[in-house]
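# Observations on chain architecture
The residues making up each chain are set out below.
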Amino acid sequence: MSADVATAGPAAPAPELRDGYEVHQAALRRGLNVIQFPRQVMMATPPDGAGTAGGTQPQELSFAHGVPQTSTLSAVTYAQDKRMRRALLTNAGLPIPKGGAYSVGKGMEFAKRLIERIGYPVVVKPAIGDNTIETRTGLRDEDELASAIDYLRIPTTSRPTYTRAAFALTLLSEPEELDGRVMMPSSYRFLLEKHVSGEYLRFLVLGDEVCSVVHCPGGPWAGGERQHRDVTGETHTSLTDLARQAVRAVPGLAVAAVDIVTGDHTADAEAQDPRIVELSERPWLAIQAGVSARLSQDLGDAILRSHAAELDLGLGEQHDEVAVDLHMEGVTEPAKAIAAVAEAGRNNGLTGHVSVTDPVEGIADGVVQGRPDAIALLTENLLDARIDGGYRAALVEERGRPVERMDPLAVRD
Amino acid sequence: MEDPGRALTVTRVQATAFQARAGGKKSNALNHLVKLTATTGDGRQVTGVGEGQLRTAATGDRSEASWEFLEECLRRLHGRGISAADPATAADAVRRQMSEFHTLAEEHRTAGKIDLAVPYRGTLLGLEVALLDLAARALQIPLAELLGTRRTSIPCHPTGAPAQESTKALRGRLREQDTAFPVTHLSGLGTVQENLDLLTTAAETNRSGKTGAGDQPLWINLQGTLDTKDAAAFVKAVARLSKAGTLPREIYIEQPVAIRDRYYLPLLQRTADKAAGILPRSGSDIRIVSDQGAWNVSTAGRRARLVARLGRFGGLRPPRAAHIKPAQAGGLVASVEMSERVHKSSPQARIYLGAFDAATEVTAATLRHLGMAMPHVDAVADATLASEPTIEAPTEPGLGVNVPYSDLVGDALNTFSIPEPTVATHEGKSPNVYPEVTYLQPLGSNGTKGHLLEREALMLGLSTVRYNKGAFVAGDGTREPLSFKWSRSPLSSAVSLALCTHKEATRLRLRRAGVPVPKGNTFAEGDFDGAREFVRRIGYPVVVKPAMGVRGIGVVADIRDDEALEQAFHQLSASTLGNSDFIVEQHVPGRDYRIVVIGDEVIGAILREPGSVTGDGESTVAELMIAKNVARRGNPHLWGRPIKYDDTARFLLDRAGMSLHSVPEKDQKVLLSGSCSLSQGGDSIDVLGEMHPSIKEACVRAVKAVPGLAFCGVDFLIEDHTKPLEEQHSGICELNAHAAIGNCEYPLYGEGRDVARTLINECVSRYDLATTQRQDSLALQMLVRGRVTNVGYRAWLQRHARQFGLTGWVRNVHERMVEIVAEGDAEPVTALAALAVLGPRAAVPTDVTTTHIEPPRIEGFESVSDAPKEITHVR
């Protein structure tokens, strides 16, 4: 019966959970034990490795939002600051659109002065924080520009597509009340760039290698996924070289997404005028998932393998069905949470059982088996308070065990 | 023959330099507070206070020279006798004393200690007022009587309404001021149009006032902000608007142009007269007022005669109005004399008495007393006034005010006292003074955080590119450069920060690693039943806090019983943060330690104690706070983090039955802050040498439990750092993956540790960069790119380089690039490299590339158009 449900596949994770989810399922698929913490912090160890208690460190792969440990703290910090990133790319002699960063409070005049030189249309996005999100493109006049800036005055917590990485800089500028309205303070900054037209290409760079290129005709933002097309094999090497150089300009990124707008992805960069419009320390595999779930899954596995290779850690074969002992800590309202977990897992075809071990300290245990993606989705959602009822855990541990025949996932008293 | 019973002996002299506040906001203005204590012949103790306002060119003061001068005057005063048999004798004694100080000031000038004419007027004011206050209190008469009271009341007007306010706020402020005041006083700033708008708004508001004094005169002080062309345009426009009836008939325009353009003032007056003369609306009266700037210019050389001819009112002869400020005029007696002179040369002249912005109530009281003694005055400015348009003669002895300590304890920059001030010590250790603080202060209060790593990198021969205050990359020219942002380095992983910034995740991870952490659990919003159950299991005391809290908001610590627990729950559901999960954890009864781990080693450890002062049996709490804050000014990490006199301090003092004026007993510790945070005035005490190995071992284990964490500040609650962990309660409450570097590098007490040097060495060895021997002196070339020309960048940079004692030059390379060549000790040279990316106000540097060169060995530091020497890069 497990074969029947397995073909159905789980629902998709939220786009901002996609990277962590893909690397997580890749780890389960290859038989690694996994420990997860909130905000997609994940460690994976080989099943024969020693436990974490006792002091001796097992070989351990670790990730935040699918970003491996080998991405340094200063590198991700640089990548999250678009003004810095522009300066680094410029100093490396790489082509970026004309632009500048200004404050939402007093920057309008400066922005208009810049536009006098570069002309409309322009693009506006937040100057600090996650990349590729909240991008307003094709702004053609002052009204549209003002409306884009006005949008950024909305507190980040009220903006539907705003995301914030766990390693982000602390935002010093917290929302404040102005004229009876809660807004981002006037010092909050936006980046203004000339809107470059052409083919919008998303490169995934792993180590020093481009492992995926997706053509996103409407841009990489939500809504256009169905038009996305994998063009990895047909992209001109001069363009993939450009993407690799862009990542090298921000030293210390183990993985990065680079967006380049150019005339024709099959032609030599020399013959056109490509511009690097984004560089993200998060892979944002939701783009590749728009092409196919399989592509996104394979790239998650590639990130896992690449990190394992850096640590000289051998990985096992992939399995489409796995079983894990599940251990959860810091579970809020444990009895209700466990019921919700069982239901969510069951709906995604998982088998096994879960129960509350210690209601006072919020500890629960169980056995879960089924498709690695379904298990990954279940616990990613639990840690991010996305299962029905909004319950959450502060730690989830999955330790591999032999697959056996079990009933659909249920609470065991 | 003087009655010895009526002579005063000065027994204690004290002074504090502080950053004065204007409208409650800290300004850049420097004031002095002078306090003199004396015993009278009959054994009474009296004190006198005075406030000096130092405004560089306008008062002939420079902060360091003036402070040195003040110290010298106070040294002379200490132990001296002042005759105070009667008001006339006392006034004469003060005059003679001040005359001695004026002579001393002039000696300083001729000796080249200060380069301003009629120096130290702002400083002398503080001394004069303190002496007069002292004598008046001894005689138990108001200070005004020593000057010769000439009136029993005087019209007054509120101090200037600033131009920066929004129109709405300005209208509100003007409406609050009853229009019966003799004049509406405004502080102008900005463009011609902005100043015209300010006048128009004020005139409109006055007309709409209840008393209907619509044509009340306006007085705008432009503080020398316009150039001559704009000033002429402004004067003409004012005349036009006055003609049209938009503005009132009588308008005073104070110092429209800078002091250097003071020769232009008579021309502006003629422009105004001409404009007013041809206007049909008769009697428009536009008066240009000088701020007596002619005093402030060097009288040396050929200009001496010209200055003398122009006189003290900017060449406006006869002056039609004067705004006398005692700090500028040279004191109280000088102000009285000045009003006489103005009146003599022009009986029709309007005379107003005022002070510079940014002052305490001491200055306000001084003006009230002086006003009563002025032979000729139309109105006095009053900052403290509510709505009364007239001030009555004060009757209380002296100035009638005490030292306004609450205004200055947190803003103290320097302090001086004979007998010697109390030095805040910790277990016999004096606070550290770090000489490099001079170079680090211009970088701002977070300066060390962004600079120390670059300093170490440059000292190892690496070159750098700095992008802003916090971010730079360092490289050896061959390998991939290392990037840094504040203390975020390439040594640590992004993952490590992601874990450490989640407290609950950190706790669970550390518990698994066998490191002591407080027991705790997270609960869903409103799940108080679950939380009660948990508390029953772990026992009191506990801490309750919001799961997503920031900066300690909503944290209730040391909950010891059910009642306190319920109260905490109540607070949680009432607060805005209550709308989310919350954490209950064991309260660890320990002291607060910050322990720095790099790699596998503990390299720094400080004990953090809440802000406090320790009594010496003589000084007040306020004096002890000032002494402590001045000691903190000598610390690169703490200079911008004083002990504050805030609500917490008031509450804690109140709870101890004390105030700022209380005198704690010797060795009595007075708590002034509720937290150990160094930013809240906490003390940092180095304890690395005494730390028990078991604590260090636990810290290293904790850091190793976090993937890719190579630099970490461990926040550890421990009862006694010299004892083994197993013998006491303890718990790690936080790991900081981007910890400040300065706190262990620059402790207030005890030995500073090489945090930055160790961190850079670790980076260099991990990434195998080629370095040189650590060099104590450096020669560097800095190329600054961005908007750096025609913005005063070179003059700004040269000023700092000279202050830092460096040699070299600065020059424009092209429109968007400046070259700096600087040679000297490593601390100041590297500080200049960090400073270069900030630039003066109008500059927008985008980056600074710093490389090593052969020492050019030239004299001085000049701004040049061509490089005086060819430079040779090393490596």
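Rules of the game
Residues numbered from 1 in each chain as written. Chains lettered and ligands numbered in written order. Predicted model: local features only at pLDDT ≥ 70, side-chain atom pairs only at ≥ 80, totals over all residues. Heavy atoms only, no water. UniProt positions renumbered as here; feature names shortened; annotations may be inferred. 1 Å grid on protein atoms, 1.4 Å probe; cavity = no way out; pocket = protein on both sides within 12 Å on 5 of 7 lines; lining within 4 Å. Points joined across faces, edges and corners; volume = space filled by probe spheres on them. Helix = DSSP H or I, 4+ residues; strand = E, 2+ residues; numbered from the N terminus. Contact = heavy atoms within 4.5 Å. Buried area = accessible area lost by both parts, 1.4 Å probe. Salt bridge = Lys/Arg side-chain N within 4 Å of Asp/Glu carboxyl O. Polar contact = N/O pair within 3.5 Å; in protein donor to acceptor, adjacent residues only side chain to side chain. Nonpolar A, V, L, I, M, F, W, Y, C, P; charged D, E, K, R; others polar. Pairing = 2+ DSSP bridges. Axes fitted to C-alpha atoms, helices over the stretch in contact; angles between N-to-C directions. Domains from an automatic or database assignment. Patch = residues over 30% accessible without salt bridge, like charges linked within 9 Å, V, L, I, M, F, W, Y side chains within 5 Å. Areas by Shrake-Rupley, 256 points an atom, 1.4 Å probe, with all protein chains shown as cover. Lys, Arg positive; Asp, Glu negative; His and termini not counted. Charge placed at Lys NZ, Arg CZ, Asp CG, Glu CD.

For chain B, the name recorded in an unreviewed UniProt entry is acylphosphatase, with Haloechinothrix alba as its organism. Taken directly from UniProt, the Catalytic activity (unreviewed entry) text for chain B runs: "an acyl phosphate + H2O = a carboxylate + phosphate + H(+)".

An unreviewed UniProt entry annotates chain A as ATP-grasp domain-containing protein of Haloechinothrix alba.

Let's shift gears to empty space enclosed by the protein. Residues and elements named next belong to chain B. Inspection of the entire model under this criterion finds 12 cavities of 30 Å³ or more. By volume, the second largest cavity amounts to about 80 Å³. Contributing to the lining of the second largest cavity are Lys503, Glu504, Thr506, Arg507, Leu510, Val517, Pro518, Lys545, Ile583, Glu585, Ile732 and Cys733. Secondary-structure elements contributing two or more residues to the lining of the second largest cavity are α18 (503-512), β22 (582-586) and β29 (730-736). Element by element, the count of residues in the lining of the second largest cavity is highest for α18, at 5 residues.

With 48 residues of chain B at the interface, the matching set in chain A holds 52 residues. Here chain B packs against chain A, burying approximately 4200 Å² in sum over the two surfaces, 55% of which is carbon and sulfur. The tally of links between chain B and chain A comes to 8 salt bridges. Close ionic contact of A:Glu361 with B:Arg537 constitutes a salt bridge, the shortest N to O distance being 3.3 Å. Where chain B packs against chain A, one counts 21 residue pairs in polar contact (both at pLDDT 80 or more). Every element with two or more residues in the side of chain B that touches chain A is listed here: β17 (471-475), β18 (482-485), α17 (494-500), α18, β19 (520-523) and α19 (528-538) of chain B. Among the elements that make up the side of chain B that touches chain A, the one with the highest residue count is α18(B) (6 residues). Taken together, the residues that form the side of chain B that touches chain A break down as 22 nonpolar, 11 polar and 15 charged.

A word on the UniProt feature "active site" (unreviewed entry) in chain B. Residues and elements named next belong to chain B. In the UniProt entry, the feature "active site" (unreviewed entry) is given for Arg794 and Asn812. Of the residues just listed, which span 19 residues, no C-alpha pair is farther apart than 8.0 Å, and they cluster in one region. Residue placement: Arg794 occurs in helix α26 (residues 793-803). Excluding anything up to four places from it in sequence, Arg794 contacts Val810, Arg811, Asn812, Ser863 and Val864.

Further remarks concern the sheet that holds β18(B). All names here are of chain B. In space, the 8 strands of this open sheet follow the order β18-β17-β16-β33-β30-β32-β31-β34, with mixed pairing throughout. Unpaired on one side and paired on the other, β18 and β34 (861-863) mark the two borders of the sheet. Across the sheet, the axes of successive neighbouring strands diverge by a mean angle of 15 degrees, strand direction being ignored. Where helix α16 (residues 447-459) meets the sheet, it contacts β16 (463-466), β17, β18, β30 (777-787) and β33 (844-852), and its direction lies at approximately 155 degrees from that of β16. Sitting on the sheet, α26 is in contact with β30, β31 (807-814), β32 (817-825), β33 and β34, with an inclination near 175 degrees to β34.

On to the environment of A:Leu377. Residues and elements named next belong to chain A. Turning to its location among the elements, Leu377 is positioned in helix α11 (residues 372-383). Taking the C-alpha atoms as reference points, Leu377 and Glu144, separated by 233 residues in sequence, lie 39 Å from one another. Excluding residues within four positions of it along the chain, Leu377 makes contact with Pro10, Ala11, Ala12, Pro13, Tyr21 and Asn348.

With that settled, the discussion passes to the domain arrangement of chain A. Think of interface size as the accessible area that goes away when the parts come together; that is how it is often given. All names here are of chain A. Assigned domains within chain A: domain 1 (2-63 + 314-411), domain 2 (98-194) and domain 3 (200-291). In this assembly, 6 residues from domain 1 lie in contact with 6 residues from domain 3. Interface area, domain 1 with domain 3, both sides summed: about 490 Å², of which 59% is carbon and sulfur. The three residues of domain 1 that bury the most area against domain 3 are Glu16, Arg18 and Asp19, which together make up 75% of that side's buried surface. Counting the contacts that link domain 1 with domain 3 gives 0 salt bridges.

Right, let's get into a positive patch on the surface. Together, A:Lys98, A:Arg113, A:Arg117, B:Arg787 and B:Arg816 make up a positively charged patch on the protein surface. Mapped onto the fold, B:Arg787 is located in strand β30.

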